[in-house]
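Below are the chains, spelled out letter by letter.
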Amino acid sequence: MYDLKLIRETPDVFDEGLKRRNMEPMSAQILDLDKQHRALQAELQEMQARRNEASKQIGIAKRNGEDASDLMAEVAGIKEGMSEKETAESDLGNQIRTILAGIPNRPKDDVPVGEDEDDNVLVRTVGDKPELGFEAKQHFELGEELGEMDFELAAKLSGSRFVVLKGSVARLYRALSQFMIDMHVDEHGYTEVVPPVLVRDHVMYGTGQLPKFAEDSFKTEEGFWLIPTAEVPLTNTVSGEILKEDELPKRMTALTPCFRSEAGSAGRDTRGMLRQHQFDKVEMVSVVHPDKSDDELERMTSCAEDVLKKLGLHYRVVVLCTGDMGFGARKTYDIEVWLPGQDAYREISSCSTCGDFQARRMNGRFRSTETKKPAFVHTLNGSGVAVGRCLIAVMENYQQADGSITVPEVLRPYMGGKESIRLND
(Lines give C-alpha, C1' and ligand atoms only; values in the text may rest on other atoms or scores of the structure.)
Protein backbone atom coordinates (compact mmCIF):
# COMPACT_ATOMS: atom_id res chain seq x y z
CA MET A 1 0.00 0.00 0.00
CA TYR A 2 1.28 3.45 -0.89
CA ASP A 3 1.16 6.75 0.99
CA LEU A 4 -1.04 8.99 -1.16
CA LYS A 5 0.74 12.07 0.21
CA LEU A 6 4.05 10.83 -1.20
CA ILE A 7 2.48 10.24 -4.62
CA ARG A 8 1.25 13.85 -4.57
CA GLU A 9 4.69 15.14 -3.56
CA THR A 10 6.85 12.88 -5.76
CA PRO A 11 4.77 11.51 -8.66
CA ASP A 12 7.89 11.02 -10.81
CA VAL A 13 9.46 8.77 -8.16
CA PHE A 14 6.25 6.75 -7.95
CA ASP A 15 6.06 6.30 -11.74
CA GLU A 16 9.74 5.40 -11.93
CA GLY A 17 9.12 2.60 -9.43
CA LEU A 18 6.29 1.30 -11.60
CA LYS A 19 8.49 1.53 -14.68
CA ARG A 20 11.09 -0.65 -12.98
CA ARG A 21 8.27 -3.11 -12.30
CA ASN A 22 7.52 -3.10 -16.07
CA MET A 23 4.29 -1.16 -15.49
CA GLU A 24 2.87 1.96 -17.11
CA PRO A 25 2.80 5.30 -15.18
CA MET A 26 -0.23 5.68 -12.91
CA SER A 27 0.37 8.87 -10.94
CA ALA A 28 -1.70 11.07 -13.29
CA GLN A 29 -4.73 8.77 -13.03
CA ILE A 30 -4.44 8.46 -9.24
CA LEU A 31 -3.87 12.16 -8.68
CA ASP A 32 -6.83 13.10 -10.89
CA LEU A 33 -9.10 10.87 -8.79
CA ASP A 34 -7.48 12.25 -5.64
CA LYS A 35 -8.19 15.82 -6.83
CA GLN A 36 -11.85 14.97 -7.42
CA HIS A 37 -12.03 13.22 -4.05
CA ARG A 38 -10.55 16.14 -2.13
CA ALA A 39 -12.80 18.60 -3.96
CA LEU A 40 -15.84 16.61 -2.87
CA GLN A 41 -14.55 16.49 0.69
CA ALA A 42 -14.13 20.29 0.66
CA GLU A 43 -17.67 20.75 -0.72
CA LEU A 44 -19.06 18.46 1.98
CA GLN A 45 -17.25 20.44 4.68
CA GLU A 46 -18.68 23.70 3.34
CA MET A 47 -22.17 22.23 3.11
CA GLN A 48 -21.92 20.87 6.65
CA ALA A 49 -20.77 24.27 7.92
CA ARG A 50 -23.67 26.03 6.20
CA ARG A 51 -26.11 23.39 7.46
CA ASN A 52 -24.91 23.93 11.04
CA GLU A 53 -25.15 27.70 10.67
CA ALA A 54 -28.68 27.54 9.17
CA SER A 55 -29.80 25.15 11.91
CA LYS A 56 -28.69 27.68 14.54
CA GLN A 57 -30.55 30.44 12.69
CA ILE A 58 -33.70 28.30 12.68
CA GLY A 59 -33.45 27.92 16.44
CA ILE A 60 -33.04 31.67 16.91
CA ALA A 61 -35.95 32.44 14.56
CA LYS A 62 -38.26 30.04 16.36
CA ARG A 63 -37.34 31.46 19.76
CA ASN A 64 -38.15 34.93 18.41
CA GLY A 65 -41.44 33.76 16.89
CA GLU A 66 -40.19 34.43 13.36
CA ASP A 67 -40.89 32.46 10.19
CA ALA A 68 -38.11 29.89 9.61
CA SER A 69 -39.65 28.06 6.67
CA ASP A 70 -37.07 29.31 4.13
CA LEU A 71 -34.19 28.27 6.38
CA MET A 72 -35.78 24.86 6.99
CA ALA A 73 -36.18 24.35 3.23
CA GLU A 74 -32.52 25.30 2.77
CA VAL A 75 -31.39 22.77 5.40
CA ALA A 76 -33.51 20.04 3.80
CA GLY A 77 -31.95 20.83 0.41
CA ILE A 78 -28.44 20.79 1.87
CA LYS A 79 -29.14 17.43 3.54
CA GLU A 80 -30.33 15.93 0.26
CA GLY A 81 -27.33 17.33 -1.65
CA MET A 82 -24.93 16.06 1.00
CA SER A 83 -26.35 12.55 0.74
CA GLU A 84 -25.56 12.44 -2.99
CA LYS A 85 -22.08 13.89 -2.53
CA GLU A 86 -21.29 11.56 0.39
CA THR A 87 -22.08 8.60 -1.85
CA ALA A 88 -19.87 10.02 -4.60
CA GLU A 89 -17.09 10.78 -2.12
CA SER A 90 -17.24 7.26 -0.67
CA ASP A 91 -17.20 5.69 -4.14
CA LEU A 92 -14.17 7.75 -5.18
CA GLY A 93 -12.34 6.89 -1.96
CA ASN A 94 -13.00 3.19 -2.49
CA GLN A 95 -11.86 3.46 -6.11
CA ILE A 96 -8.57 5.05 -5.07
CA ARG A 97 -7.99 2.45 -2.32
CA THR A 98 -8.73 -0.40 -4.75
CA ILE A 99 -6.22 0.95 -7.27
CA LEU A 100 -3.54 1.45 -4.62
CA ALA A 101 -4.17 -2.02 -3.15
CA GLY A 102 -3.46 -3.61 -6.53
CA ILE A 103 -0.11 -1.91 -7.17
CA PRO A 104 3.03 -3.91 -6.26
CA ASN A 105 5.67 -2.59 -3.90
CA ARG A 106 8.35 -0.23 -5.20
CA PRO A 107 11.69 -2.05 -5.68
CA LYS A 108 14.76 -0.90 -3.81
CA ASP A 109 17.24 1.04 -5.90
CA ASP A 110 19.80 -1.79 -5.95
CA VAL A 111 17.37 -4.40 -7.33
CA PRO A 112 18.28 -5.32 -10.93
CA VAL A 113 15.74 -4.34 -13.56
CA GLY A 114 14.46 -7.26 -15.66
CA GLU A 115 11.44 -9.09 -17.01
CA ASP A 116 11.66 -12.64 -15.63
CA GLU A 117 13.86 -15.22 -13.91
CA ASP A 118 16.39 -15.09 -16.76
CA ASP A 119 17.32 -11.59 -15.57
CA ASN A 120 18.01 -12.57 -11.96
CA VAL A 121 21.58 -11.93 -10.80
CA LEU A 122 23.86 -14.48 -9.13
CA VAL A 123 25.14 -13.33 -5.74
CA ARG A 124 27.14 -16.36 -4.58
CA THR A 125 27.55 -20.11 -4.99
CA VAL A 126 28.20 -22.29 -1.93
CA GLY A 127 29.70 -25.79 -1.94
CA ASP A 128 30.32 -28.15 -4.84
CA LYS A 129 28.00 -30.27 -6.93
CA PRO A 130 28.14 -33.88 -5.72
CA GLU A 131 29.90 -36.38 -7.96
CA LEU A 132 27.64 -39.40 -7.69
CA GLY A 133 29.48 -41.65 -10.15
CA PHE A 134 26.23 -42.99 -11.60
CA GLU A 135 23.15 -41.63 -13.38
CA ALA A 136 21.12 -39.71 -10.84
CA LYS A 137 17.44 -40.48 -10.31
CA GLN A 138 14.77 -37.95 -9.46
CA HIS A 139 13.19 -37.96 -6.02
CA PHE A 140 9.92 -39.50 -7.15
CA GLU A 141 11.76 -42.39 -8.80
CA LEU A 142 13.71 -43.02 -5.61
CA GLY A 143 10.65 -42.70 -3.41
CA GLU A 144 8.46 -44.96 -5.54
CA GLU A 145 11.17 -47.63 -5.79
CA LEU A 146 11.48 -47.57 -2.00
CA GLY A 147 7.71 -47.98 -1.80
CA GLU A 148 7.44 -44.94 0.49
CA MET A 149 6.29 -42.14 -1.84
CA ASP A 150 2.83 -42.85 -3.26
CA PHE A 151 1.32 -40.42 -5.76
CA GLU A 152 -1.36 -42.82 -7.01
CA LEU A 153 -2.81 -43.26 -3.52
CA ALA A 154 -2.74 -39.49 -3.00
CA ALA A 155 -4.59 -39.00 -6.31
CA LYS A 156 -7.20 -41.50 -5.16
CA LEU A 157 -7.68 -39.54 -1.94
CA SER A 158 -7.35 -35.96 -3.16
CA GLY A 159 -6.47 -35.66 -6.85
CA SER A 160 -3.32 -34.36 -8.50
CA ARG A 161 -0.53 -32.43 -6.78
CA PHE A 162 -0.67 -34.40 -3.53
CA VAL A 163 1.53 -37.17 -2.14
CA VAL A 164 1.38 -39.83 0.57
CA LEU A 165 4.71 -40.42 2.35
CA LYS A 166 5.30 -43.62 4.30
CA GLY A 167 7.82 -45.33 6.51
CA SER A 168 11.35 -44.00 6.66
CA VAL A 169 10.77 -41.33 4.01
CA ALA A 170 7.90 -39.97 6.10
CA ARG A 171 10.19 -39.98 9.13
CA LEU A 172 12.90 -38.19 7.15
CA TYR A 173 10.34 -35.53 6.23
CA ARG A 174 9.43 -35.11 9.90
CA ALA A 175 13.11 -35.06 10.88
CA LEU A 176 13.80 -32.21 8.48
CA SER A 177 10.86 -30.24 9.90
CA GLN A 178 12.04 -30.69 13.50
CA PHE A 179 15.69 -30.03 12.64
CA MET A 180 14.86 -26.73 10.94
CA ILE A 181 12.49 -25.36 13.58
CA ASP A 182 14.97 -26.30 16.34
CA MET A 183 17.80 -24.54 14.51
CA HIS A 184 15.88 -21.29 14.04
CA VAL A 185 14.77 -21.23 17.67
CA ASP A 186 17.93 -22.46 19.41
CA GLU A 187 20.63 -20.97 17.18
CA HIS A 188 19.03 -18.03 15.38
CA GLY A 189 16.88 -16.59 18.17
CA TYR A 190 13.45 -16.80 16.56
CA THR A 191 10.41 -17.29 18.77
CA GLU A 192 8.42 -20.38 17.83
CA VAL A 193 4.74 -19.73 17.12
CA VAL A 194 1.91 -22.12 16.30
CA PRO A 195 -0.59 -19.90 14.44
CA PRO A 196 -4.01 -20.67 12.95
CA VAL A 197 -3.89 -21.89 9.36
CA LEU A 198 -7.40 -20.60 8.64
CA VAL A 199 -7.64 -16.80 8.49
CA ARG A 200 -10.09 -14.03 7.61
CA ASP A 201 -10.08 -11.66 4.64
CA HIS A 202 -8.37 -8.75 6.41
CA VAL A 203 -5.42 -10.96 7.35
CA MET A 204 -4.85 -12.01 3.73
CA TYR A 205 -5.25 -8.37 2.71
CA GLY A 206 -2.66 -7.25 5.26
CA THR A 207 0.15 -9.27 3.68
CA GLY A 208 -0.94 -8.62 0.09
CA GLN A 209 -2.65 -11.87 -0.95
CA LEU A 210 -5.95 -10.01 -1.37
CA PRO A 211 -7.50 -8.66 -3.43
CA LYS A 212 -5.16 -9.31 -6.37
CA PHE A 213 -4.23 -12.98 -5.78
CA ALA A 214 -7.42 -14.56 -4.49
CA GLU A 215 -7.33 -17.28 -7.15
CA ASP A 216 -3.96 -18.50 -5.84
CA SER A 217 -5.45 -19.60 -2.51
CA PHE A 218 -8.18 -21.89 -1.21
CA LYS A 219 -11.26 -20.56 0.61
CA THR A 220 -13.74 -22.50 2.73
CA GLU A 221 -17.50 -22.16 2.45
CA GLU A 222 -17.46 -20.51 5.90
CA GLY A 223 -15.28 -17.68 4.61
CA PHE A 224 -11.89 -18.77 5.95
CA TRP A 225 -8.77 -18.73 3.78
CA LEU A 226 -6.25 -21.58 4.02
CA ILE A 227 -2.90 -19.88 4.46
CA PRO A 228 -0.47 -20.07 1.53
CA THR A 229 2.39 -19.48 3.99
CA ALA A 230 2.80 -18.82 7.72
CA GLU A 231 3.98 -15.33 6.73
CA VAL A 232 0.29 -14.41 6.62
CA PRO A 233 -0.68 -15.03 10.28
CA LEU A 234 2.78 -14.28 11.71
CA THR A 235 3.08 -10.85 10.09
CA ASN A 236 -0.48 -9.97 11.07
CA THR A 237 0.26 -10.51 14.76
CA VAL A 238 1.22 -6.80 14.76
CA SER A 239 -1.84 -5.72 12.77
CA GLY A 240 -3.43 -2.64 14.36
CA GLU A 241 -0.76 -2.56 17.09
CA ILE A 242 1.58 0.22 18.22
CA LEU A 243 4.69 -1.51 19.55
CA LYS A 244 7.27 -0.02 21.87
CA GLU A 245 10.53 0.63 20.05
CA ASP A 246 12.41 -1.63 22.45
CA GLU A 247 10.13 -4.52 21.41
CA LEU A 248 11.85 -4.48 18.02
CA PRO A 249 13.02 -6.62 16.36
CA LYS A 250 10.33 -9.26 16.70
CA ARG A 251 11.53 -12.51 15.12
CA MET A 252 9.06 -15.36 14.76
CA THR A 253 9.19 -18.80 13.17
CA ALA A 254 6.51 -21.39 12.54
CA LEU A 255 6.19 -24.85 11.01
CA THR A 256 2.79 -25.05 9.32
CA PRO A 257 0.99 -26.74 6.50
CA CYS A 258 0.54 -24.38 3.54
CA PHE A 259 -2.03 -24.49 0.77
CA ARG A 260 -1.82 -23.11 -2.77
CA SER A 261 -4.14 -23.57 -5.70
CA GLU A 262 -1.22 -23.31 -8.16
CA ALA A 263 -3.46 -21.33 -10.50
CA GLY A 264 -1.75 -20.79 -13.83
CA SER A 265 0.79 -23.61 -13.33
CA ALA A 266 -0.95 -26.25 -15.46
CA GLY A 267 1.65 -28.53 -16.99
CA ARG A 268 4.49 -27.32 -14.77
CA ASP A 269 6.23 -29.77 -12.41
CA THR A 270 3.42 -32.30 -12.63
CA ARG A 271 5.68 -35.16 -11.53
CA GLY A 272 6.82 -35.40 -7.97
CA MET A 273 6.66 -33.04 -4.99
CA LEU A 274 8.01 -29.78 -6.39
CA ARG A 275 4.64 -28.07 -6.85
CA GLN A 276 1.95 -29.30 -4.47
CA HIS A 277 -1.43 -28.02 -3.32
CA GLN A 278 -0.47 -28.88 0.28
CA PHE A 279 3.01 -28.73 1.74
CA ASP A 280 4.83 -27.93 4.97
CA LYS A 281 7.20 -25.03 5.41
CA VAL A 282 9.23 -23.49 8.18
CA GLU A 283 8.69 -19.74 7.89
CA MET A 284 10.67 -16.86 9.36
CA VAL A 285 9.12 -13.42 9.90
CA SER A 286 10.82 -10.31 11.27
CA VAL A 287 9.20 -7.04 12.33
CA VAL A 288 11.90 -4.41 12.63
CA HIS A 289 12.77 -0.73 12.93
CA PRO A 290 12.89 0.90 9.46
CA ASP A 291 16.63 1.58 9.87
CA LYS A 292 17.33 -2.12 10.40
CA SER A 293 15.44 -3.81 7.54
CA ASP A 294 18.40 -4.02 5.12
CA ASP A 295 20.61 -5.72 7.70
CA GLU A 296 17.74 -7.98 8.74
CA LEU A 297 17.33 -9.24 5.16
CA GLU A 298 20.97 -10.32 5.08
CA ARG A 299 20.61 -11.98 8.50
CA MET A 300 17.44 -13.81 7.53
CA THR A 301 18.98 -15.09 4.31
CA SER A 302 22.00 -16.38 6.21
CA CYS A 303 19.67 -18.22 8.62
CA ALA A 304 18.04 -20.03 5.68
CA GLU A 305 21.46 -20.77 4.20
CA ASP A 306 22.56 -22.35 7.48
CA VAL A 307 19.96 -25.07 6.99
CA LEU A 308 21.51 -26.10 3.67
CA LYS A 309 25.06 -25.77 4.95
CA LYS A 310 24.41 -28.11 7.87
CA LEU A 311 22.76 -30.58 5.49
CA GLY A 312 25.79 -30.43 3.19
CA LEU A 313 23.77 -29.30 0.16
CA HIS A 314 25.21 -27.31 -2.74
CA TYR A 315 23.27 -24.15 -3.54
CA ARG A 316 23.43 -20.68 -4.98
CA VAL A 317 21.88 -17.34 -3.97
CA VAL A 318 20.37 -14.99 -6.56
CA VAL A 319 18.81 -11.57 -6.20
CA LEU A 320 15.51 -11.40 -8.07
CA CYS A 321 15.04 -8.83 -10.78
CA THR A 322 12.11 -6.42 -10.70
CA GLY A 323 10.03 -8.56 -13.07
CA ASP A 324 10.41 -11.77 -11.03
CA MET A 325 9.97 -10.28 -7.56
CA GLY A 326 6.84 -10.91 -5.50
CA PHE A 327 4.01 -8.39 -5.18
CA GLY A 328 4.83 -7.16 -1.67
CA ALA A 329 8.63 -7.32 -1.84
CA ARG A 330 11.13 -4.48 -2.18
CA LYS A 331 14.07 -6.88 -2.53
CA THR A 332 14.26 -10.67 -2.59
CA TYR A 333 17.00 -13.27 -2.38
CA ASP A 334 16.18 -16.73 -3.69
CA ILE A 335 18.22 -19.70 -2.50
CA GLU A 336 18.35 -22.36 -5.20
CA VAL A 337 19.48 -25.84 -4.23
CA TRP A 338 21.16 -28.22 -6.67
CA LEU A 339 19.08 -31.27 -7.62
CA PRO A 340 21.20 -33.95 -9.35
CA GLY A 341 18.13 -35.87 -10.56
CA GLN A 342 16.91 -32.80 -12.44
CA ASP A 343 20.42 -31.59 -13.27
CA ALA A 344 19.19 -28.14 -12.27
CA TYR A 345 18.98 -25.59 -9.49
CA ARG A 346 15.52 -25.15 -7.95
CA GLU A 347 14.25 -22.59 -5.46
CA ILE A 348 14.12 -23.86 -1.89
CA SER A 349 13.88 -20.55 -0.01
CA SER A 350 12.87 -16.99 -0.75
CA CYS A 351 13.73 -14.14 1.67
CA SER A 352 12.20 -10.70 1.16
CA THR A 353 12.06 -7.28 2.74
CA CYS A 354 8.73 -5.50 2.28
CA GLY A 355 9.62 -2.15 3.83
CA ASP A 356 6.46 -0.53 5.22
CA PHE A 357 4.26 -1.91 2.42
CA GLN A 358 2.53 -4.57 4.52
CA ALA A 359 2.59 -2.43 7.66
CA ARG A 360 0.52 0.25 5.90
CA ARG A 361 -2.03 -2.33 4.77
CA MET A 362 -2.48 -3.71 8.29
CA ASN A 363 -1.63 -0.54 10.27
CA GLY A 364 1.28 -2.07 12.17
CA ARG A 365 3.35 0.61 13.92
CA PHE A 366 5.85 1.35 16.69
CA ARG A 367 6.29 4.42 18.87
CA SER A 368 9.66 6.08 18.45
CA THR A 369 11.48 6.74 21.72
CA GLU A 370 13.00 9.86 20.13
CA THR A 371 9.98 11.53 18.51
CA LYS A 372 7.29 9.88 20.69
CA LYS A 373 5.24 9.53 17.50
CA PRO A 374 4.00 6.30 15.91
CA ALA A 375 5.66 5.19 12.65
CA PHE A 376 5.19 2.15 10.44
CA VAL A 377 7.35 -0.90 11.14
CA HIS A 378 9.17 -2.76 8.38
CA THR A 379 8.37 -6.44 7.77
CA LEU A 380 10.41 -9.29 6.30
CA ASN A 381 9.67 -12.91 5.55
CA GLY A 382 11.60 -15.94 4.40
CA SER A 383 11.35 -19.69 4.08
CA GLY A 384 13.62 -21.51 6.40
CA VAL A 385 13.00 -23.74 4.41
CA ALA A 386 10.27 -25.52 2.41
CA VAL A 387 10.20 -29.02 3.92
CA GLY A 388 9.08 -30.90 0.80
CA ARG A 389 11.71 -29.32 -1.40
CA CYS A 390 14.34 -29.96 1.25
CA LEU A 391 13.29 -33.62 1.30
CA ILE A 392 13.71 -33.70 -2.49
CA ALA A 393 17.19 -32.19 -2.19
CA VAL A 394 18.32 -34.63 0.49
CA MET A 395 16.99 -37.66 -1.41
CA GLU A 396 18.58 -36.65 -4.71
CA ASN A 397 21.93 -35.50 -3.29
CA TYR A 398 22.36 -38.40 -0.87
CA GLN A 399 21.15 -41.17 -3.19
CA GLN A 400 23.35 -44.21 -3.67
CA ALA A 401 23.86 -46.45 -6.70
CA ASP A 402 21.72 -49.21 -5.13
CA GLY A 403 18.74 -46.85 -4.69
CA SER A 404 19.26 -46.31 -0.98
CA ILE A 405 19.53 -42.87 0.60
CA THR A 406 22.16 -41.92 3.14
CA VAL A 407 20.76 -39.92 6.03
CA PRO A 408 22.73 -36.68 6.61
CA GLU A 409 24.58 -36.82 9.91
CA VAL A 410 22.71 -33.86 11.46
CA LEU A 411 19.39 -35.64 10.92
CA ARG A 412 20.35 -38.98 12.45
CA PRO A 413 19.40 -38.00 16.03
CA TYR A 414 15.90 -37.25 14.66
CA MET A 415 15.87 -40.59 12.85
CA GLY A 416 16.61 -42.76 15.86
CA GLY A 417 20.21 -43.16 14.73
CA LYS A 418 19.26 -44.52 11.31
CA GLU A 419 22.11 -43.95 8.83
CA SER A 420 20.39 -44.89 5.59
CA ILE A 421 17.00 -45.62 4.07
CA ARG A 422 16.77 -48.84 2.12
CA LEU A 423 14.11 -50.95 0.49
CA ASN A 424 12.20 -53.09 3.00
CA ASP A 425 13.70 -51.26 6.01
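For the structure, see preceding data.
A quick note: this is a predicted structure, and the numbers were derived from the prediction, not measured.

Parameters and conventions
- Residues numbered from 1 in each chain as written.
- Predicted model: local features only at pLDDT ≥ 70, side-chain atom pairs only at ≥ 80, totals over all residues.
- Heavy atoms only, no water.
- Phe/Tyr/Trp six-rings, centres within 6.5 Å; stacked < 30°, edge-to-face > 60°.
- Helix = DSSP H or I, 4+ residues; strand = E, 2+ residues; numbered from the N terminus.
- Buried < 20%, exposed > 50% of the residue type's maximum accessible area, 1.4 Å probe, protein only.
- Core = buried A, V, L, I, M, F, W, Y, C linked by side-chain atoms within 4.5 Å.
- Contact = heavy atoms within 4.5 Å.
- Pairing = 2+ DSSP bridges.
- Axes fitted to C-alpha atoms, helices over the stretch in contact; angles between N-to-C directions.

## Points about the packing of aromatic side chains
Summed over all chains, the structure comprises 6 aromatic pairs. When the centroid spacing of 5.1 Å and the interplanar angle of 90 degrees are considered together, the rings of Y2 and F14 count as edge-to-face. In this pair, Y2 sits in the segment before α1 (4-9) while F14 sits in helix α2 (residues 11-20), placing the two residues 12 residues apart along the sequence. Their ring planes at 70 degrees and their centres at 6.4 Å tell us that F179 and Y414 sit as a pair that is edge-to-face. With F179 in helix α7 (residues 167-186) and Y414 in the loop between β16 (405-406) and β17 (420-421), this residue pair connects regions lying 235 residues apart in the sequence. Residue class for Y414 comes out partly exposed when judged on its relative accessible area of 25%. Pairwise contacts between aromatic rings join Y2, F14, F213, F327 and F357 into one cluster.

## Topic: the nonpolar core
In terms of nonpolar packing, the biggest core is built from 52 residues, with L176, L311 and L391 touching the most fellow members. With 9 residues, the single largest contributor to this core is α7. Ignoring sequence-local partners within four residues, the contact set of L311 consists of L176, F179, C390, V394, Y398, P408, V410 and L411. In this structure, I30, L40, L100 and I103 belong to the second largest nonpolar core, which totals 18 residues.

## Regarding the sheet that holds strand β15 (residues 378-386)
With mixed pairing, the 8 strands of this open sheet are ordered in space as β1-β10-β11-β12-β15-β9-β8-β4. Strand pairing shows two members of the sheet lacking a second neighbour, β1 (121-126) and β4 (191-192), which therefore form its edges. The pairing of strand β10 (residues 315-319) with strand β11 (residues 331-339) spans 5 bridges and is antiparallel. Its bridge partner lying in β11, Y315 is registered against V337. The sheet strands contacting α7 are β4, β8 (250-259), β9 (278-288) and β15, and the helix crosses β9 at an angle near 5 degrees. Against the sheet, helix α10 (residues 293-310) contacts β1, β8, β9, β10, β11, β12 (344-353) and β15, and its axis sits at roughly 5 degrees relative to β15.

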